[in-house]
Amino acid sequence: MTKRQAGFDLVLPERDAKIPAYLWLYNSVRTEILEGRLRPGARLPATRDLAMQYGFSRGTIVNAFEQLKSEGYVDGTIGSGTFVSKVLPDDLLKVRKEAASKRPTRSSRRRRRLSDYAGRVSVLVGYEHRRFRAFRANVPAMDLFPMELWTQLSVRRLKTLSHDLLLGCEAQGYRPLREALADYLNASRGVNCTADQITIVAGMQEALDLAARVFINPGDKVGIENPGYVGALATFEAAGAKITALPVDKEGVCVDDSGLRGLRMIYVTPAHQFPLGMTMTLRRRLDLLQWARRNGAMIFEDDYDSEYRYCGRPIPALQGLDCAGEVIFAGSFSKVMFPALRLGYLVVAPDLVDYIAAAKSTATSHAALLEQAVLCDFIAQGHFGRHIRRMREVYSERLQFLLSESRHRLKGLLEISEVEAGLQTVGWLYDGISGIAAAKAASSRNIEVVPLSKYSCAPYYCVWPAARSRWREGLQLGFAAISEAEIRRGVQELAIALEHLREKKARRASSH
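Remember, it's a predicted structure, so these values are computed and weren't measured experimentally.

> Is there a simple way to think about the overall build of the protein chain in this case?
The number of helices and strands found in the protein chain is 17 helices and 17 strands. The buried share of the protein chain, taken over its 512 residues, is 49%. Across the protein chain, the fraction of contacts at a sequence separation of at least 24, relative to all contacts at a separation of at least 6, is 72%. For the protein chain, the exposed area adds up to about 25,800 Å²; of that, 52% sits on carbon and sulfur atoms.

> Honestly, the pattern of salt bridges in this entry has me stumped. Any pointers?
Pairing of side chains with opposite charge becomes possible as their charged atoms draw close. Tallied over the entire structure, the rule returns 23 salt bridges. Ionic pairing is found between Glu418 and Arg407, a salt bridge with its closest N-O pair at 3.4 Å. Here the residue Glu418 occupies a position in the loop between strand 14 (414-416) and strand 15 (424-429), and Arg407 occupies one in helix 15 (residues 383-409), the gap between them amounting to eleven residues. Taking the relative accessible area as the measure of exposure, Glu418 reaches 55% and is therefore exposed. Residue Arg407 is classed as partly exposed on the basis of its relative accessible area of 48%. What you see here is one network of salt bridges that share partners, running through Glu170, Arg175, Arg178, Glu179 and Asp196.

> Help me out: how do you make sense of the pairing of strand 6 (residues 198-201) in this one?
Note on strand geometry: in a regular strand, side chains alternate between the two faces of the sheet. Of the two faces of strand 6, the one holding Ile198 and Ile200 and the one holding Thr199 and Val201 are both buried throughout. Here strand 6 runs beside strand 13 (residues 344-347); their pairing, made up of four bridges, is antiparallel. Across the sheet, Val201 pairs through a bridge with Gly344, a residue of strand 13.

> Any chance you could explain the sheet that holds strand 11 (residues 298-302) here in plain terms?
Within a sheet, neighbouring strands are paired by backbone hydrogen bonds and run either parallel or antiparallel to one another. Reading across the sheet, the eight strands line up as 6-13-12-11-10-7-8-9 and stay open at both edges, with mixed pairing between neighbours. Lying at the two open borders of the sheet, with one neighbouring strand each, are strand 6 and strand 9 (252-253). As judged from the six bridges shared by strand 7 (residues 221-226) and strand 8 (residues 242-249), these two strands associate in the parallel manner. When the sheet's bridge partners are listed, Glu225 is paired in strand 8 with Leu246.

> Could you clarify how one ought to interpret the packing of aromatic side chains in this entry?
Aromatic ring pairs: the centre-centre distance and the angle between the two ring planes describe each pair. The tally for this structure, following the rule as stated, stands at 16 aromatic pairs. Measuring from centroid to centroid gives 6.5 Å for Tyr229 and Tyr267, while their planes differ by 35 degrees, and the two rings are tilted. Placement of Tyr229 in the loop between strand 7 and helix 10 (230-238) and of Tyr267 in strand 10 (residues 263-268) is noted, with a sequence separation of 38 residues between them. In this structure Tyr229 comes out as partly exposed when scored by relative accessible area, which is 24%.

Cut-off values and rules
- Residues numbered from 1 in each chain as written.
- Predicted model: local features only at pLDDT ≥ 70, side-chain atom pairs only at ≥ 80, totals over all residues.
- Heavy atoms only, no water.
- Helix = DSSP H or I, 4+ residues; strand = E, 2+ residues; numbered from the N terminus.
- Buried < 20%, exposed > 50% of the residue type's maximum accessible area, 1.4 Å probe, protein only.
- Contact = heavy atoms within 4.5 Å.
- Areas by Shrake-Rupley, 256 points an atom, 1.4 Å probe, with all protein chains shown as cover.
- Salt bridge = Lys/Arg side-chain N within 4 Å of Asp/Glu carboxyl O.
- Pairing = 2+ DSSP bridges.
- Phe/Tyr/Trp six-rings, centres within 6.5 Å; stacked < 30°, edge-to-face > 60°.

This is a description of form; function is not addressed.
Here is the structure:
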């Protein structure tokens, strides 16, 4: 039931006790305005008069009017009165809806113009947030990261936060972190560099992007290991480079002048080839450096998984053998620490530093400074070295457990390589079984494996391991983030999946 009050002629519905009085009044006035009973420009009575007329407190009236004013239904100032707005928000919405109804169809609309880069760039798959299962690759054991210690260092930094840290830093990054990294890289990786040659980046993808923008023009040729890291492939393709797939053998990437002719840059993972796992030999490293010097080309060295070496000391970096500044050296903390820590480093020759810094400053200014400061403390106080040593032992044990389990259960189905480093290994399939089919069969049994063909940047081929009588496909299997119990389950389920595939293949062959 509604009633019309004297004085200010307002239609008031029956009040719901659950609705605050100001909101009830707001809705009533809004309805009067929208239905045209209160015309645009109409003056509203004073809040004091309305409070007396309707028996509300003046505060209730003020709250209702303030809500109407904030949404554009009324306007006015103290002393001049309150008026219904001449242009209502609902009118604007109506105009937009009418415009939308008259919007041109896809066929009649002019096509938006995008850059050539937009046509080349592709989306890379990130980490999936779900329980780790056998044999997820390329992830560290997150449950063993010293999170409490990292939290303590972060809190300590926040408590002693200086104004200088709040202001930011130069494009190359937080200088104390660069100095700590220079000490670490010189001592542990055999890299010849100073802090001035290091730029802190947001992980390996930004390192690749900076190198591509500084050294590559559209149409330049870039060589990438085949199979190799698809993130590098995507970055160089987005830069407009023409990709040359370079085969690998047991010594690493094949350095053949006929295959390398005209290349502006080569991307390699010499410490631990991704995804096959071999280490580039000294002879091959020297051949590659000689080729680069002779042709004025650059080498991008991705120091992938170098810290986790299970036989002897980590192999010194290719950059340490470079005397002419042709090697761009890059690394990331995503696998050593945790994936969400988007920090890495790029090392270039002294004469190239300014170009990298300029490119960095135009894109992201600098990496997140607070995280840089916490990471600096983690390294400088010795926690980084202790964490690496501990994880190296854990990963080595898990690798040996995987090899032991597979020798018994996967014999004749999958030959797993005894890699010397890294977070994953490779298994070579028998009987001409397809890697894609094997991955699909494994997934049906809640197992993750990656066919090596996924990492191909050309029609897939690979000449490693040597002495094969015929070509075989392979699978990538991670072990670092997987417990021994899950490894055992994974081996059993993978064996069942591969046995079913082999039996299916045999039945098909016999029927023909």
